[in-house]
Amino acid sequence: MRLFVALTPPPELRARLGELADIAHARCGGRRMPDASLHVTLAFLGEVTEAQAAELVAWVQGLSITPGEWHINRWGSFRRPGIVWLGGDEGAPALQRLQGRLWGTLEPLGVGVRPARYIPHVTLLRRATVLDLDPFPPIALTWSYNQLELIQSTIDERGARYRSLAVSQG
Ligand code: ATP
Ligand code: MG
């Protein structure tokens, strides 16, 4: 099964991110991420075995992370898959530390591949046809987090569907 580790937004922030996704969708087209799927990936694990998944569930359930805040203040895009996203300070030290700590455990488990560079972002659109983000409204959002989730992604013709398998201690 296909897994990743992510932060999921608290309800008010989720709604606000959804509004921004609507704004982006009206201009850029493509496939808007449903509100329920909005997240920031910390670690993409890819395909794992049932046994590895069970190990990962136990690990995440026993994990407690340092609470933090992530400041979202810019729009961005990845050209090739037509992704429009929201991001922030890429150096976001707390998120970079959290991501590094996760890979410190994941690497010895032999799941996934630690990326050379981590760009935290919230994907709003996929396969967007317009990637000019110039006149988009300035944003300043704060994402307060105290737990992360292990999520299963099932991909079908309508895109990916996510299911939470485990939540760390809050
Ligand atoms: P789809 O692939 O159908 O467009 P999706 O990207 O939402 O949907 P997944 O591909 O399962 O679903 O990805 C789950 C999460 O992991 C997303 O946040 C995605 O951006 C991220 N992700 C996927 N592949 C990688 C990768 N190779 N490296 C880093 N992050 C990835
Ligand atoms: Mg994908």
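Residue positions are given per chain, counted from 1 along the sequence in the order it is written. Written order decides the labels, with chains lettered from A and ligands numbered from 1. Residue-level local features of this predicted model are given only where pLDDT is at least 70; pairs of side-chain atoms are given and counted only at 80 or more, and the full residue set underlies all totals for whole chains, interfaces and linings. Note that the side-chain values use all heavy atoms of the structure and ignore hydrogens as well as water.

**Q** Any chance you could break down the side chain of H39 for me, citing the residues and the numbers?
**A** Among the structural elements, H39 can be located in the loop between β2 (31-32) and β3 (40-47). Judged by relative accessible area, H39 falls into the buried class, the value being 9%. At 3.1 Å, the side chain of H39 forms a polar contact with the side chain of T41. Residues count as neighbours in contact if any of their non-hydrogen atoms are within 4.5 Å of one another. Residues in contact with H39, not counting those within four places in the same chain, are F4, A6, L7, T8, P9, M33, H121, V122, T123, W143 and Y162. Going along the chain from the N terminus, every DSSP run of H or I of four or more residues is numbered as a helix, and every run of E of two or more is numbered as a strand. For each residue, the accessible area found with a 1.4 Å probe, counting protein chains only, is set against the maximum for its type, and the residue is called buried under 20%, exposed over 50%, and partly exposed in between. Two N or O atoms count as a polar contact when they lie within 3.5 Å, although within protein this holds only if one can serve as hydrogen donor and the other as acceptor, and sequence-adjacent residues are included solely when both atoms are side-chain atoms.

**Q** Can you break down the site of ligand 1 residue by residue, with the values?
**A** What makes a residue near a molecule or strand is one non-hydrogen atom of that residue sitting within 4 Å of it. Taken together, R2, F4, R31, H39, T41, F44, R126, S153, I155, A160 and Y162 make up the full set of residues adjacent to ligand 1. H39 is positioned such that a nitrogen or oxygen atom in its side chain is 2.6 Å from an oxygen atom of ligand 1. Here an oxygen atom of ligand 1 and a side-chain polar atom of T41 are 2.6 Å apart. For ligand 1, the accessible surface in isolation is 590 Å², of which the surrounding protein chains cover 66%. Among the elements of the structure, β1 (2-7), β3, β8 (149-156) and β9 (159-167) are those that each provide at least two residues to the shell around ligand 1. Throughout, the ten residues Ala, Val, Leu, Ile, Met, Phe, Trp, Tyr, Cys and Pro are labelled nonpolar, Asp, Glu, Lys and Arg are labelled charged, and all others, Gly among them, are labelled polar. Per-class residue counts for the shell around ligand 1 are five nonpolar, three polar and three charged. In short, Shrake-Rupley with a 1.4 Å probe defines the accessible areas, and a residue's cover is counted only from the protein chains shown.

**Q** Mind laying out the UniProt feature "domain: Phosphoesterase HXTX" (unreviewed entry) in the chain, listing which residues take part and the relevant values?
**A** As annotated in UniProt, the feature "domain: Phosphoesterase HXTX" (unreviewed entry) corresponds to residues 8-85 in the numbering used here. Secondary structure across residues 8-85 divides into 40% helix and 31% strand, with the first and last C-alpha atoms of the span separated by 15 Å. UniProt positions are given in the numbering used here, feature names are shortened, and annotations may be inferred rather than shown by experiment.

**Q** Please give an account of the layout of surface pockets that cites residues and values.
**A** Here a cavity denotes grid points, spaced 1 Å and computed from the protein atoms alone, that fit a 1.4 Å probe unable to get out, and a pocket denotes an open set having protein on both sides within 12 Å along at least 5 of 7 lines; residues with an atom within 4 Å of a point are the lining. Grid points are joined across faces, edges and corners, and a volume is the space filled by probe spheres set on the points. One number sums up the size of the largest pocket: a volume of about 960 Å³. Surrounding the largest pocket, 37 residues form its lining, H39, T41, T123, R126 and Y162 being those nearest its centre. For the lining of the largest pocket, the secondary-structure elements that each account for two or more residues are β1, β2, β3, β6 (121-126), β8 and β9. Partitioning the lining of the largest pocket into residue classes produces 19 nonpolar, eight polar and 10 charged.

**Q** Explain the environment of N146 to me, using residue names and the numbers behind them.
**A** Within the secondary structure, N146 is located in the loop between β7 (141-145) and β8. For N146, the residues in contact, after removing those within four places along its chain, are I65, P67, Q169 and G170.

**Q** Got a sec to walk through the packing of aromatic side chains? Specific residues and values, please.
**A** Only Phe, Tyr and Trp rings are paired, with Trp represented by its six-membered ring, and only when their centres lie within 6.5 Å; those with planes under 30 degrees apart are stacked, over 60 edge-to-face, the remainder tilted. Scanning the entire structure with this criterion turns up four aromatic pairs. Taking the centre distance of 5.0 Å and the plane angle of 70° together, the rings of F4 and Y162 count as edge-to-face. One end of the pair, F4, is in strand β1; the other, Y162, is in strand β9, with 158 residues separating them in the sequence. Residue classification places Y162 among the partly exposed residues on the basis of a relative accessible area of 24%.

**Q** Let's hear about helix α1 (residues 11-28): which residues, and what values?
**A** Expected helix span is given by 1.5 Å per residue-to-residue step, counting one fewer step than there are residues. Under the 1.5 Å per step criterion, the end-to-end length of α1 is 25 Å for 18 residues, consistent within 8% with the ideal 26 Å. Along α1, the residues classified as buried are L13, R14, L17, G18, L20, A21, A24 and C28. Buried-residue contacts for α1 involve β2, β4 (68-78), β5 (83-88), β6 and β7. Note on α1: the residue one or two positions beyond its end, G29, has a positive phi of about 70°.

**Q** Please provide a residue-by-residue account of the pairing of β8, values included.
**A** A pair of strands counts as paired when DSSP detects no fewer than two bridges linking them. Of the strand pairs in this sheet, β1 and β8 are connected by five bridges, and their pairing is antiparallel. The partner of F4 across the bridge, within β8, is I151. Strand direction decides the pairing type here: β8 and β9, joined by eight bridges, are antiparallel. Looking across to β9, one finds that T154 is bridged to R161. Turn length for the β8-β9 hairpin, with the two strands adjacent in sequence and antiparallel, is two residues.

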